Amino acid sequence: MDPGRRIPVVVHAPDPISRAGALSQLRHHPVIDLRDDADARPGTVAVLIGETPDETMLTRLRRLVRSEGARAVLVVGAVREAELLDVIECGVGAVVWRHEATEHRLLQAVLAASRGDGDLPADLLGRLMSQVGTLQRSVAGQAGAPVPGLAARELDVLRLVADGLDTSEIAGKLSYSERTVKNVMHGLTTRLHLRNRAHAVAYALREGYI
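Residues numbered from 1 in each chain as written. Predicted model: local features only at pLDDT ≥ 70, side-chain atom pairs only at ≥ 80, totals over all residues. Heavy atoms only, no water.

1. Here we look at the nonpolar core
In a soluble, globular protein the nonpolar side chains are often hidden away together inside.
Part 1: Judged by nonpolar contacts, the single largest core of 27 residues is most densely connected at Leu-48, Leu-61 and Leu-74.
Part 2: Ranked by the residues each element gives to this core, the list is headed by helix 2 (residues 55-67), at 5 residues.
Part 3: When neighbours within four sequence positions are excluded, Leu-74 is seen to be in contact with Leu-48, Pro-53, Met-57, Leu-61, Val-87, Val-92, Ala-94, Val-95 and Val-96.
Part 4: In this structure, Ile-7, Val-96, Ala-101 and Val-110 belong to the second largest nonpolar core, which totals 20 residues. (Core = buried A, V, L, I, M, F, W, Y, C linked by side-chain atoms within 4.5 Å. Buried < 20%, exposed > 50% of the residue type's maximum accessible area, 1.4 Å probe, protein only. Helix = DSSP H or I, 4+ residues; strand = E, 2+ residues; numbered from the N terminus. Contact = heavy atoms within 4.5 Å.)

Below you can see the structure in the form of C-alpha cells.
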C-alpha cells in the first residue's frame, strides 16, 4: 500500500463484546483508521462479525458493498453450503473463521480486502471450487466452451487466481509485471461487473470458463 495511506475500517457485530474485541485488535495498527460503524463509504473496509451469514448479515453486506462501495471482511464461525455462493456474490473478499481471528489474522484480511485481493481459508476455497464445479458440470455444453469477450491472458490470470496465487506469484508465473496483472484483473472485474477476485473466480467457475 502507499506510504502514509491509512485504511478506513468500520466494524459491525451483533453484540458489544464482539465489536469491542475486534476494535481492540485493530486500533493499535498505524495503517488502520477506525470509523463509526455508520460511516461506510467507497474504499472503506467493513468487518462483519457473526456466527453464520444469515439473511440479516447478507442484506447488510449487499448494502455496504453495492450501495456504499465498501469492501467486506466476514468473521464467522461457519458458512453452510447453501450460503457459500451468496457470500461471494454479495462481495465478500475475505473470510476469517472466528476461532482463527487473532490480531494478525484479522489485520491480514483487512489489508487484503483493501487491496481488492481475496483471502479465503483454504478449506472454504476448496468447498467453493467443488460446489461451483458441480454447478458447472450440471449445465450441458458449458465445459470447455469458448469465452466471448475474454482475452487469453485474462483466462491465464483467472486460472492462477483460482489456484490461490497472489499478484506477485501470478506475475512471476506469466512473466508479467505486477501492474499488468492488476490491470488485467481490474479490466475484467469492471467489464463483467464483478466486485473482487473471489467473485471473479466464482463467476468463471459457475460459467464453465475455467
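2. Quick word on the pairing of strand 5 (residues 92-97)
Regular strands have side chains that alternate between both faces of the sheet.
Part 1: Taken across its 6 residues, strand 5 has 6 buried, putting it largely inside the fold.
Part 2: Pairing of strand 4 (residues 71-76) with strand 5, which is carried by 5 bridges, proceeds in the parallel orientation. Its bridge partner being in strand 5, Val-75 is matched across the sheet by Val-96.
Part 3: Viewed along the sheet, the connection from strand 4 through helix 3 (residues 81-89) into strand 5 turns out right-handed. (Pairing = 2+ DSSP bridges. Right-handed = clockwise from strand over helix to strand, strands pointing away.)

3. As for helix 7 (residues 167-174)
Part 1: Among the residues making up helix 7, those that are buried are Thr-167, Ile-170 and Ala-171. Buried residues of helix 7, seen end-on, are gathered within an arc of 100° and therefore sit on one face of the element. Exposed and oriented more than 90 degrees from the buried face of helix 7 are Gly-172 and Lys-173.
Part 2: Its buried side turned inward, helix 7 meets helix 6 (152-162), helix 8 (178-191) and helix 9 (197-206). (Arc of directions from axis to C-beta.)

4. Considering the confidence of the model for the protein chain
Part 1: With 88% of its residues at a pLDDT of at least 70, the protein chain reaches an overall mean of 81.
Part 2: Scored below 50 in pLDDT, residues 139-147 shows 8 contacts in the model against residues more than four places distant or in partner chains. (pLDDT = per-residue confidence, 0-100.)

5. Focus on the pairing of strand 3 (residues 45-50)
Part 1: In terms of burial, strand 3 is largely enclosed, as 6 of its 6 residues are buried.
Part 2: When strand 3 meets strand 4, the two strands line up parallel, connected through 6 bridges. Opposite Ile-49, over in strand 4, you have Val-75 as the bridge partner.
Part 3: In terms of handedness, the path from strand 3 via helix 2 over to strand 4 forms a crossover that is right-handed.

6. What about the pattern of salt bridges?
Part 1: Tallying each qualifying case throughout the model produces 10 salt bridges.
Part 2: Salt-bridge contacts for Asp-156 lead to Arg-159; the nearest nitrogen and oxygen are separated by 3.6 Å. Pair noted here: Asp-156 and Arg-159 are both in helix 6, with a separation of 3 residues, about one helical turn.
Part 3: In this structure Arg-159 comes out as partly exposed when scored by relative accessible area, which is 37%.
Part 4: Taken together, the shared-partner salt bridges connect Arg-6, Asp-33 and Arg-35 into one network. (Salt bridge = Lys/Arg side-chain N within 4 Å of Asp/Glu carboxyl O.)

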